[in-house]
Amino acid sequence: MSGSRTSRPPVQRAPRLPRENPALGLVTRLRRAWDRPLTAYYLILGGSALITVLGLVMVYSASQITALQMSLPGSYFFRKQLLAAVIGCVLLLVASRMPVRLHRALAYPILAGAVGLMALVQVPGIGVAVNGNQNWIAVGGSFQLQPSEFGKLALVLWGADLLARKQERRLLTQWKHMLVPLVPAAFMLLGLIMLGGDMGTAIIVTAILFGLLWLAGAPTRLFVGVLAVAGLIGAVLIRTSPNRMARLACLGATEPQSGPVDCWQAVHGIYALASGGIFGSGLGASVEKWGQLPEAHTDFIFAVTGEELGLAGTLSVLALFAALGYAGIRVAGRTEDPFVRYAAGGVTTWITAQAVINIGAVLGLLPIAGVPLPLFSYGGSALLPTMFAIGLLIAFARDEPAARAALAMRQPRFGRKRNGGSRRPRRWNTMRRRATAARTSGER
C-alpha cells in the first residue's frame, strides 16, 4: 500500500470587520453622553460653579489696586464678594430644593418687594447715587443694595406664573390676555429703573419681557409691534442723554480721545485684551488695572481676564456661558409644565443677554451699558438674585421625569456601617421598590 498523508482542510479565517473610525466613535460617545437625562443638571451645576469660582479669583486679582488706591486692604472687595457668594450658595441650595408650587407662590411677594424697594430708591435720604445713577439703597456700613437686580428675578417668576395660569385656561390665544398685565407691569419696572438712569438694567428687563412673549407664542406682528415701541422709547432715551450718545459714539474707537468724545474706558479695554495674547501675561500681572482701566473688577473684568489669562481664558469663560445657556434651553424645551418652561426660558434669556451685552461692550461691539458679567463681576446685589435663579434652573433640571428616574436609580458606592461595622447596601426608594411596597400582603 502506498503511503498517503491525511489532507487537512484549510483553516478559514474570519473576515476582518471594518475598523471603526475613531472620530466617528468619539462623536457617537459624546452624543450619547449629551443626551443623558442628567446632562442639563450637571451642566448648570458645574458651569455656574466654575464661573463663580473663576470670578472670585479674577475679582481678587482685578480689585487689589483699586482697593489700595482707596486706602483699603487689598482683599477688601474680594472678601465682600466671597461673603455674597456664600450667601448666594445658600440661596441656590434653597431654591434648588423648593418645589415648583412654592416658587409660584413666591412670585407675587418677590414682585411686591422689588417694586417697593425700587420706589424707595427715589426717596431723598434713602436712595444713593453711584456713577451718576441713583439705583442704590444704603443698607449699613459699606454695604449697598441695588433693588433693580431683584426686579429681574421678580419679572421672571411673576411673568412665568401669569403666563402659565393663562395657558392653563387657554387664554393666550387672545392678544389682550398675552399683553395684559404682563407688558404694563414690565413697563412699570422699566419706568422705576429709568428714573435712576440705569439704561443697562432696563435693556436686560426688556430682553426678559421679549423672551417671555416669545415663549408664550406671541404672533410675529404683535412681537414686532412691542419691539418697535421699545426701540422707539430706547432711541428717545439715548438721544436725549449726552452720556448715552457718547457711549454710542465710542463703538469701534481705537484712540482714547475720539474727537470731542472721551473713549478712555472702551479703548483701554481693547488694549487689555490685545496685550494678553494666547495664554495671557499671568494671573495678577495685568497692567491696565493699575489705574488705566476704570471699573476693572466690575463691568470690565472680562478685559482683565483676557489680559491675565489670554485668549484661552476668555474662550473658557465663553464656553461656560454657552454651556449654561444650552442647558437652560434644554430644560425649557423638555418640560411639560408651562411655568417651568417660562421660568427656565426667562432665566436663560436674562443670563445670556446680560453676558452678551457685557462682553460685547468690552470687545467694542456694543455700547457700554454698565451691566456686570453674571456670576463673574464684583457686586453682591447682582450675584444674589442670579444664584437664586441658577437654583431655579437646577430644581427644574432635577424635576424632569427622566432625570428623576436617573437620580432615583443611582446606587451608592459605599454601604452604610451597621451592626458592629458590617456594611450593608443602602436601600434606595426607587420606583420599583415603591411599586412593590404599594402591593398588599396577599399579592404575588
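Keep in mind that this is a model prediction, so the values were computed, not measured.

A.B. asks: So, the overall build of the protein chain: which residues are in play, and what are the values?
C.D. replies: Looking only at helices and strands, the protein chain has 17 helices and seven strands in total. By sequence separation, contacts in the protein chain at least 24 residues apart represent 68% of the contacts at least 6 residues apart.

A.B. asks: Quick rundown of the pattern of salt bridges? Include the residues and the values.
C.D. replies: Taken as a whole, this structure holds six salt bridges when the rule is applied. Among the ionic pairs, Arg 104 bridges to Glu 168, the shortest N-O distance being 3.6 Å. Placement of Arg 104 in helix α4 (residues 100-105) and of Glu 168 in helix α6 (residues 147-168) is noted, with a sequence separation of 64 residues between them. Judged by its relative accessible area of 19%, Arg 104 is buried. Residue class for Glu 168 comes out exposed when judged on its relative accessible area of 52%. Connected via shared salt-bridge partners are Arg 104, Asp 161, Arg 165 and Glu 168.

A.B. asks: Talk me through the pairing of strand β1 (residues 127-130); I want residue IDs and the actual numbers.
C.D. replies: Note that β1 and strand β2 (residues 133-140) share four bridges and pair antiparallel. In the strand pairing of β2, Ala 129 is matched with Gln 134. Counting the residues between successive antiparallel strands, the hairpin from β1 to β2 contains two residues, one of them, Asn 131, with a positive phi of roughly 55°.

A.B. asks: So what's going on with the packing of helix α13 (residues 301-334) against helix α14 (residues 338-362)? Residues and values would help.
C.D. replies: Where α13 meets α14, the axes come as close as 10 Å, and the angle between the chain directions of the two elements is 160°. The orientation of α13 with respect to α14, classified from their angle, is roughly antiparallel. Here α13 runs over α14; the crossing is left-handed. In this structure, α13 uses Phe 302, Ala 303, Leu 318, Phe 321, Leu 324, Gly 325, Gly 328, Ile 329, Val 331 and Ala 332 to contact α14, whose residues at the interface are Arg 341, Ala 344, Gly 345, Thr 348, Ile 351, Thr 352, Ala 355, Asn 358, Ile 359 and Val 362.

A.B. asks: Can you lay out the packing of aromatic side chains for me, pointing to particular residues and giving the numbers?
C.D. replies: On inspection of all chains with the given rule, the structure shows six aromatic pairs. Between Tyr 76 and Phe 77, the ring centres sit 5.2 Å apart and the planes meet at 80°, which makes this aromatic pair edge-to-face. The pair formed by Tyr 76 and Phe 77 is uniform in burial state, with each residue classed as buried. By the ring-pair criterion, three or more aromatic residues cluster together here, those being Tyr 76, Phe 77 and Tyr 378. Here Arg 341 stacks its cationic end above the ring of Tyr 342, 5.3 Å away from the centre of that ring.

A.B. asks: Could you give an account of the environment of Ser 148, naming the residues involved and the relevant values?
C.D. replies: Residue placement: Ser 148 occurs in helix α6. For Ser 148, a relative accessible area of 3% gives the class buried. Taking the C-alpha atoms as reference, Ser 148 lies 9.8 Å from Gly 196; in sequence the two are 48 residues apart. Setting aside anything within four residues of it in sequence, one finds Ser 148 in contact with Met 118, Ile 193, Asp 198 and Thr 201.

A.B. asks: Any details on the confidence of the model for the protein chain? Residues and values, ideally.
C.D. replies: For any part of a model where pLDDT is low, the fine detail of the predicted coordinates should not be relied upon. Across the protein chain, the average pLDDT comes to 86, with 87% of residues at 70 or higher. Contacts of residues 414-444 to residues separated by more than four positions or lying in other chains number 23 contacts, the stretch itself having pLDDT below 50.

A.B. asks: Run through the nonpolar core, naming residues and quoting values.
C.D. replies: It is characteristic of soluble globular proteins that their nonpolar side chains tend to be buried jointly. Ranked by internal contacts, the top residues of the largest apolar core, which has 113 residues, are Ile 44, Leu 182, Leu 213, Ile 390 and Phe 396. Looking at this core, the element that brings in the most residues is α14, giving 13 residues. When neighbours within four sequence positions are excluded, Phe 396 is seen to be in contact with Val 100, His 103, Val 331, Phe 339, Val 340, Ala 343 and Ala 344.

A.B. asks: Run through the pairing of β2, naming residues and quoting values.
C.D. replies: As paired elements, β2 and strand β3 (residues 143-145) share three bridges and run antiparallel to each other. Looking at the pairing, Ala 138 lines up with Gln 144 of β3. Taking the residues that link successive antiparallel strands as the turn, the β2-β3 hairpin has two residues, and the phi of Gly 141 there is positive, at about 65°.

A.B. asks: Explain helix α2 (residues 39-69) to me, using residue names and the numbers behind them.
C.D. replies: Over its 31 residues, α2 runs 45 Å from end to end, which matches the ideal 45 Å to within 8%, given 1.5 Å per residue. Looking one or two residues past α2, Ser 71 carries a phi angle of roughly 60°, positive in sign.

A.B. asks: I'd like to hear about the side chain of Gln 146, residue by residue, with values.
C.D. replies: Mapped onto the fold, Gln 146 is located in the loop between β3 and α6. Side-chain polar atoms of Gln 146 contact the side chain of Asp 198, separated by 3.2 Å. In this structure Gln 146 touches Asn 135, Trp 136, Asp 198, Thr 201 and Ser 381, once residues within four positions along its chain are discounted.

A.B. asks: Can you break down the sheet that holds β2 residue by residue, with the values?
C.D. replies: Read from one edge of the open sheet, three strands run β1-β2-β3, paired in antiparallel fashion. Looking at the sheet topology across the chains shown, the edges are occupied by β1 and β3. Direction aside, neighbouring strands of the sheet carry axes that sit 55° apart on average.

A.B. asks: How would you explain a nonpolar patch on the surface if you had to name every residue and give the values?
C.D. replies: Together, Ile 278, Phe 279, Leu 311, Leu 315 and Leu 318 make up an exposed nonpolar region whose accessible area comes to about 510 Å². Relative to the helices and strands, Leu 315 resides in helix α13.

Cut-offs and rules
Residues numbered from 1 in each chain as written. Predicted model: local features only at pLDDT ≥ 70, side-chain atom pairs only at ≥ 80, totals over all residues. Heavy atoms only, no water. Helix = DSSP H or I, 4+ residues; strand = E, 2+ residues; numbered from the N terminus. Contact = heavy atoms within 4.5 Å. Salt bridge = Lys/Arg side-chain N within 4 Å of Asp/Glu carboxyl O. Buried < 20%, exposed > 50% of the residue type's maximum accessible area, 1.4 Å probe, protein only. Pairing = 2+ DSSP bridges. Axes fitted to C-alpha atoms, helices over the stretch in contact; angles between N-to-C directions. Parallel < 35°, antiparallel > 145°, perpendicular 65-115°, else oblique. Left-handed = near helix turned anticlockwise from the far one by under 90°. Phe/Tyr/Trp six-rings, centres within 6.5 Å; stacked < 30°, edge-to-face > 60°. Lys NZ or Arg CZ within 6 Å of the ring centre and 35° of its normal. pLDDT = per-residue confidence, 0-100. Core = buried A, V, L, I, M, F, W, Y, C linked by side-chain atoms within 4.5 Å. Expected span 1.5 Å × (residues − 1). Polar contact = N/O pair within 3.5 Å; in protein donor to acceptor, adjacent residues only side chain to side chain. Patch = residues over 30% accessible without salt bridge, like charges linked within 9 Å, V, L, I, M, F, W, Y side chains within 5 Å. Areas by Shrake-Rupley, 256 points an atom, 1.4 Å probe, with all protein chains shown as cover.

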